[in-house]
Amino acid sequence: MTRGIGDPLVSLYARSYLCRVGMSVAPIYKDHLTLSFKDFLKCYSQVQSDTVQNTLALQKMEMQSYLQLYSPGLDWILQCMAHRSSESILNDILIDGRKQCNSALLLNSIMTAFKPEYIAARTSQFIEHIRACEDSGFPKHLLFKTLGLCLVVADPPESQKLQILNDAWQSIVRLRGAAAYVACAEVWMEYALRHFGEREIDTILGDIIKHVTPDRAFEQHYGQLQSIVDKIVTHIHDFSRLFSINKFLPFIDLFQKESVKVEVCKLVLETFVRYQLEPTSDLVIVNALMFLARIMHDSVNALSLEDEMRHIGQLVCGFLKRVSVGTDYEQQLSFAVESRSSFSNLEPVLVYLVQSVNELAIETRRVVKGHHTRKTAAFVRACSAYSFITIPSVGNVLLRLNLYLVSGQVALLNHCLSQADSFFKAAISLLPDVPVVMEIDGKLRSTEPLLLDYIANLCSTLLVVPDPPESGVLYLARGLLNVLQTYAWDFNSDAKVKAYLSILSLLSAMAQETYAYHITGVDSDDRLYGNDPKFLAELQKLSDTILGEVLQQLHELADVPQRQGALAVALLGVGIVHGDLADAKFATLLANLWALALKTGGTDSRLLSRHATYLRRQKAAGRAIADELIQRL
């Protein structure tokens, strides 16, 4: 019945439906498949008949578009024939097709339907068929593309691999039109990457550049060219091999549109970060990737999305982490200076650079075992200067504060006392700029918990920082106190008082004859002042001032008993740990705080119980504690 249908396209789909039904009800029986295929071969000549040509002219349809309509039906018939078939079926189809049809459409469907292994084993034969077949409206570049897709999945015979590439490429380079050429080159590049080295890939890239440069044809094929780069970095993870391909960077330059070029650079940097496990000192790799990283950096502007900037920053940081110049520390510092000038708009990169230079200073200290020579001392001072210059470029206030603190600690470890003072002064001066709320992880959050932790950390560092001769006694502690007094604290929060308690703990620690910890080679105030009465008097005066402020705040919270009780417990804890418990007046104050905490309620009784247990143990250990305080407990 299908033989009686006059329209060749309709008859093809009728046969296709017959094959579909036959495969569903009797998959073992295949005689009707062969008959349907042979009938198609006999009817295919009707495509060139006057009737079809007149119909196409009436419908204003080109032959190429018309032949594309045949592909799905013909593909299905051939897929049914290829299902669980042997290679002999493929040989028979090729013979019959060449005798009766010899069409590019048929050849394309054959390569699509049969197993890639069957096609790969006969690659040379298929190339001859492609050259000899009649295109008659069906473009030959699709045949080379389909053949290339088969060879990407299955390997041809080893002895024929190079010959196959040469034969196919000779035909591809003669294709007319950049679109047809690029479509084939995209597929055959992967074949070359699978089986050949840098020389062949370099040749292909050079040929692609030659074909797409005239009339700026590359602008119409950014997607396919980007796919070629993706295939290259997918198959070549050794970047010394990648950048030995002379035409790779010129190929990257084809991407003139900024957004596309940035995506290509991201692709290369992502591959490097993922697969480069060991640091590299290869200048070719470093310079090439630095060039690509600068392209990404230069794309960042005021309109860039935060996620985009974060992604680029992470890639650049990943690249910088994998650059090493060995033990040449001065070269590492020079590289950090160059990186700062190249990536000044990326905050994550600036933060990483400051931390890496601090790590470099610590590594220098480890090498000299804490005893600097004139040369190494000058080097670590240069590291401190680098950090001090770079940190103000960081926009996030909290990050700047932490970098100032860490850099000051590093400078202190390396005996750079004046540089450490500058870092701590800058940190204290920056505290008023901390906003009350900040966007953290996409939500507006109060900065007070972070600020209190920072102040506690800063106070623990200030304990070992010696007062410089040109400044007054406790000038850093006084500066911190002055800043905290003027900071715009939340009226409904006790954060200001808790910050005062951190300074109170610092002053108490400074009053000890010997501090709890020191930095090797740095004489802290316990050694500079030697428990001098004037120094102790200054400490006492400043402590009384702070304690008075805390007690005043405690008195003002009489109408808010829960806050008053919590504050009383906090002051009680500081007094028990850091105060002179043998002083009767101070012991009375602690006893009153204890009573206030019990009176206001809402206080954790377990915390008070731990305080009492601590005092009893201290009394048993021989610590001088006023009897009144023990009795009140």
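Only a predicted model underlies this, so the values are computations on that prediction, with no experimental measurement involved. (Residues numbered from 1 in each chain as written. Predicted model: local features only at pLDDT ≥ 70, side-chain atom pairs only at ≥ 80, totals over all residues. Heavy atoms only, no water.)

## Topic: the overall build of the chain
- A tally of helices and strands in the chain yields 33 helices and 2 strands.
- A compact globule built from 633 residues would reach a C-alpha radius of gyration of about 26 Å, whereas the chain, at 40 Å, exceeds it by more than 25%.
- The dimensions of the chain, computed from C-alpha atoms along their principal axes, are 120 × 60 × 45 Å.
- For the chain, the share of sequence-separated contacts (at least 6 apart) that also reach a separation of at least 24 residues comes to 71%.
- Looking at the chain as shown, the accessible area adds up to about 31100 Å², and 52% of this sits on carbon and sulfur atoms.
- Side-chain charges of the chain comprise 60 positive and 67 negative groups, with the mean position of each set lying 4 Å from the other. (Helix = DSSP H or I, 4+ residues; strand = E, 2+ residues; numbered from the N terminus. Rg over C-alpha atoms; globule rule 2.2 N^0.38 Å. Contact = heavy atoms within 4.5 Å. Areas by Shrake-Rupley, 256 points an atom, 1.4 Å probe, with all protein chains shown as cover. Lys, Arg positive; Asp, Glu negative; His and termini not counted. Charge placed at Lys NZ, Arg CZ, Asp CG, Glu CD.)

## A closer look at the environment of leucine 417
- If you trace the backbone, leucine 417 turns up in helix α24 (residues 417–430).
- Taking the relative accessible area as the measure of exposure, leucine 417 reaches 36% and is therefore partly exposed.
- Spatially, the C-alpha atoms of leucine 417 and serine 543 are 26 Å apart, while their sequence positions differ by 126 residues.
- When sequence neighbours within four positions are dropped, the list of residues in contact with leucine 417 reads Leu412, Pro466 and Val522. (Buried < 20%, exposed > 50% of the residue type's maximum accessible area, 1.4 Å probe, protein only.)

## A word on the environment of serine 227
- Mapped onto the elements of the fold, serine 227 is located in helix α14 (residues 222–235).
- For the pair serine 227 and valine 187, spaced 40 residues apart in sequence, the C-alpha to C-alpha distance is 9.4 Å.

## Considerations on helix α10 (residues 140–153)
- Its 14 residues give α10 an end-to-end C-alpha distance of 21 Å, which sits within 8% of 20 Å, the value for a rise of 1.5 Å per residue.
- Taken together, the buried residues of α10 touch α7 (104–113), α8 (116–121), α9 (123–132), α11 (161–172) and α12 (178–195). (Expected span 1.5 Å × (residues − 1).)

## Considering the pairing of strand β1 (residues 437–440)
- Bridge count for β1 against strand β2 (residues 443–446) is 4 bridges, and the pairing is antiparallel. Bridged to methionine 438 within β2 is arginine 445.
- Between β1 and β2, which follow one another and run antiparallel, lie 2 residues, and aspartate 441 among them has a positive phi close to 55°. (Pairing = 2+ DSSP bridges.)

## Quick word on the packing of α12 against α14
- Between α12 and α14, the shortest axis-to-axis distance is 9 Å and the interhelical angle comes to 5°. The orientation of α12 relative to α14 falls into the category roughly parallel. In contact with Val182, Ala183, Glu186, Met189, Glu190, Leu193 and Arg194 of α12, α14 contributes Gln224, Leu225, Ser227, Ile228, Lys231, Ile232 and His235.
- Residues of the contact of α12 with α14, tallied by class, amount to 7 nonpolar, 3 polar and 4 charged. (Axes fitted to C-alpha atoms, helices over the stretch in contact; angles between N-to-C directions. Parallel < 35°, antiparallel > 145°, perpendicular 65-115°, else oblique. Nonpolar A, V, L, I, M, F, W, Y, C, P; charged D, E, K, R; others polar.)

## Things to note about the nonpolar core
- Counting 210 residues, the largest nonpolar core has Trp188, Ile208, Phe251, Leu289 and Phe319 as its most contacted members.
- Looking at which element gives the most residues to this core, the answer is helix α27 (residues 495–510), with 10 residues.
- Those residues in contact with tryptophan 188, other than ones at most four positions away along the chain, are Phe144, Leu147, Gly148, Leu151, Ile164, Leu165, Ala168, Trp169 and Ile172. (Core = buried A, V, L, I, M, F, W, Y, C linked by side-chain atoms within 4.5 Å.)

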